[in-house]
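Here are the chains, one letter per residue:
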Amino acid sequence: MSAPARFDVVPELHLLPAHARCPLCGSDRPRTEVALLQEDPRVAMSACPDCRGMSADRFPDDAFLRALYDPAHYASDLLQNARPTERCARHVASFVEAAADCDLRILDYGGSDGSLSQALAEALRRRGYRGRLEFTIVDFAPAKSHDEFHFIDVDAFYGLEDPFDVVLASAVLEHLTEFPRTVQKLLSLAGPGALFYARTPYEVPLQRRFPGYRVRWPRHVHDLGPAFWDRFLATFGVAGRLRRSAPSIVESDWRQKPVRTAIATALKAPGHLETAWLKPALGYSGNAWHWVGGWEVVLQLGVSDG
Ligand SMILES: [Zn+2]
């Protein structure tokens, strides 16, 4: 198909039929509409009563997605400048507990140009890692491999078999129209004790509260917050421990976008306060503050909780 003039509305011609089951977990229980994505033709986002994730009721077809993600004009949702990318990498590195001289295999799904992987390599070296680091970066338009950074496409990803020590899925799962297949493959590639880091948009509460705020449809077909991530291991039937479930870091930079960064920081602050202090102190489950725009989790797989 030729590139549509507008990418924010998917025409009827390029919309798939409504899902019969939850596109995240496969549940056939009725989903509840939570946000309107486009009016004509009408597409809404609905929440699943089982996995608690939110997904568009209808997905764009492959032809629309190919045009939308044409590298000629598409800019990834990954952190766009160095400072937040470095913050994110330092943050992930702080959860890696392997011995300083052991080798680490790291899978960066949807890693774009590898900037998060490169920042993670630097963060691990600064923390004293002397072992071999080996990064496999998956993207639909893979860059050229160099040094310890090996770039592959999505087809090659499904052919991977050897386990990884760290699996990154930063700002990518919200795009997946084959969510269960990809997530099952990612989980199958996480070796014993592997870290699994994911960061996803959680924008539906912002759209419901603030007129004018829009979920980034059709780039994002899912919206995944704490209710989804806190039961993710049970939903996908894997053993593991939830080491962190909290608002994601602010994506913008004070020097480049001061107003946006100030608003994002102010909105996320109560969420950080709640997850870091209130919930552990008062011992409740669920979350009261939802207006954070994004969520992140660190899971340690193959270990029992507690
Ligand atoms: Zn579901």
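Above: the structure in question.
The residue count restarts for each chain, going from 1 along the sequence in the order it is written. pLDDT decides what is reported in this predicted model: residues at 70 or higher carry local features, side-chain atom pairs at 80 or more are listed and counted, and totals for whole chains, interfaces and linings draw on all residues regardless. Side-chain metrics in this entry use all non-hydrogen atoms of the structure; hydrogen atoms and water are not considered.

(A) How the structure looks around the sheet that holds strand 11 (residues 293-301). A pair of strands is labelled paired if DSSP reports no fewer than 2 bridges between them. By definition, any uninterrupted DSSP run of H or I lasting at least four residues is a helix, any uninterrupted run of E lasting at least two residues is a strand, and each is numbered from the N terminus. Reading across from one edge, 6-5-4-7-8-11-10 is the order of the seven strands in this open sheet, with mixed pairing throughout. For this open sheet the edge positions go to strand 6 (149-152) and strand 10 (240-247), each flanked by a neighbour on one side alone. The sheet shows a mean angle of 15° between the axes of neighbouring strands, direction not considered. Pairing analysis gives seven bridges linking strand 10 to strand 11, with the strands arranged antiparallel. Pairing of Leu242 across the sheet is with Leu299, part of strand 11. Note on contacts: a residue pair qualifies if any of its non-hydrogen atoms lie within 4.5 Å across the two residues. The angle between two axes is taken between their N-to-C directions and runs from 0 to 180 degrees, where each axis is a line fitted to C-alpha atoms and a helix contributes only its stretch in contact. Where helix 2 (residues 82-93) meets the sheet, it contacts strand 7 (164-170), strand 8 (190-202), strand 10 and strand 11, and its direction lies at approximately 145° from that of strand 8. Its contacts with the sheet place helix 3 (residues 115-126) against strand 4 (104-109), strand 5 (133-138), strand 6 and strand 7, and it is angled at close to 160° to strand 5.

(B) Seen up close, empty space enclosed by the protein. With a 1 Å grid laid over protein atoms only, a set of points is called a cavity when a 1.4 Å probe fits there but cannot get out and a pocket when it is open yet has protein on both sides within 12 Å along at least five of seven lines; lining residues have an atom within 4 Å of a point. Grid points are joined across faces, edges and corners, and a volume is the space filled by probe spheres set on the points. One pass over the full model with this rule turns up one cavity of 30 Å³ or more. Considered as a void within the structure, the largest cavity measures approximately 90 Å³ in volume. Lining the largest cavity are twelve residues, with Glu174, Arg199, Pro201, Arg216 and Glu251 sitting closest to its centre. Secondary-structure elements contributing two or more residues to the lining of the largest cavity are strand 8 and strand 11. The leading source of residues in the lining of the largest cavity is strand 8, at three residues. Three classes are used: nonpolar for Ala, Val, Leu, Ile, Met, Phe, Trp, Tyr, Cys and Pro, charged for Asp, Glu, Lys and Arg, and polar for all others, with Gly counted as polar. Counted by class, the lining of the largest cavity contains two nonpolar, five polar and five charged residues.

(C) Fine view of the nonpolar core. Among buried residues, those of type Ala, Val, Leu, Ile, Met, Phe, Trp, Tyr and Cys that are joined through side-chain atoms within 4.5 Å constitute a nonpolar core. Only protein chains enter the area calculation, which uses a 1.4 Å probe; residues under 20% of their type maximum are buried, those over 50% are exposed, and those in between are partly exposed. Ranked by size, the top nonpolar core spans 58 residues in total, and within it Phe157, Leu173, Phe196 and Trp229 carry the most contacts. For this core, the element with the highest residue contribution is strand 8, accounting for five residues. The residues contacting Phe157, other than those within four sequence positions of it, are Leu107, Tyr109, Val138, Ile152, Thr182, Lys185, Leu186 and Leu189. Counting 26 residues, the second-largest nonpolar core is a separate cluster that includes Ala89, Ile137, Phe151 and Ile249.

(D) Here's a closer look at the pattern of salt bridges. The rule for a salt bridge is simple: a side-chain nitrogen of Lys or Arg has to be within 4 Å of a carboxyl oxygen of Asp or Glu. Evaluation of the coordinates by the stated rule reveals eleven salt bridges. A salt bridge links Glu134 to Arg132; the shortest N-O distance between them is 3.4 Å. For Glu134, a relative accessible area of 25% corresponds to the partly exposed category. Linking Glu178 and Arg181 is a salt bridge whose minimum nitrogen-to-oxygen distance equals 3.1 Å. Using a relative accessible area of 45% as the deciding quantity, one classes Arg181 as partly exposed.

(E) Spotlight on the coordination of the zinc ion. At this site the zinc ion is bound by Cys22 (SG), Cys25 (SG), Cys48 (SG) and Cys51 (SG), with donor distances of 2.3 Å. Coordination at the zinc ion is tetrahedral: its four donor atoms span angles of 107 to 113° at the metal. Water is not among the atoms examined, so metal sites may look incomplete; donors are the N, O and S atoms within 2.8 Å of the metal, or within 3.2 Å for Na, K and Ca. The sequence pattern formed by the donor residues of the zinc ion is C-x2-C-x22-C-x2-C. According to the relative accessible area criterion, Cys25 is partly exposed, its value standing at 31%. Here a site with four donors is tetrahedral if all angles are between 85 and 135 degrees, and a site with four or six donors is square planar or octahedral if opposite donors are over 155 degrees apart and the other angles are between 65 and 115; anything else gets the irregular label.

(F) Highlighting helix 9 (residues 258-282). A rise of 1.5 Å per residue sets the reference length of helix 9, with its 25 residues, at 36 Å; its end C-alpha atoms lie 34 Å apart and thus fit the reference within 8%. The bend reported for a residue corresponds to the angle between axes fitted to the seven residues ending at that residue and the seven starting there. A maximum bend of about 45° is found in helix 9 at Glu274. Of the residues making up helix 9, those classed as buried are Thr261, Lys268, Gly271, Glu274, Thr275 and Lys279. Of the surrounding elements, those touching the buried residues of helix 9 are strand 10 and strand 11. The first or second residue beyond helix 9 is Gly283, which carries a positive phi of 70°. Multiplying one less than the number of residues by 1.5 Å gives the expected span of a helix.

(G) Fine view of the sheet that holds strand 3 (residues 54-56). As summarised here, the arrangement of the four strands in space is 1-2-3-9, forming an open sheet in which the pairing is antiparallel. Each edge of the sheet is formed by a strand with only one pairing partner; in this case those strands are strand 1 (32-38) and strand 9 (222-223). Judged from the five bridges that link them, strand 1 and strand 2 (residues 43-47) form a sheet pairing that is antiparallel. Its bridge partner being in strand 2, Glu33 is matched across the sheet by Ser46.

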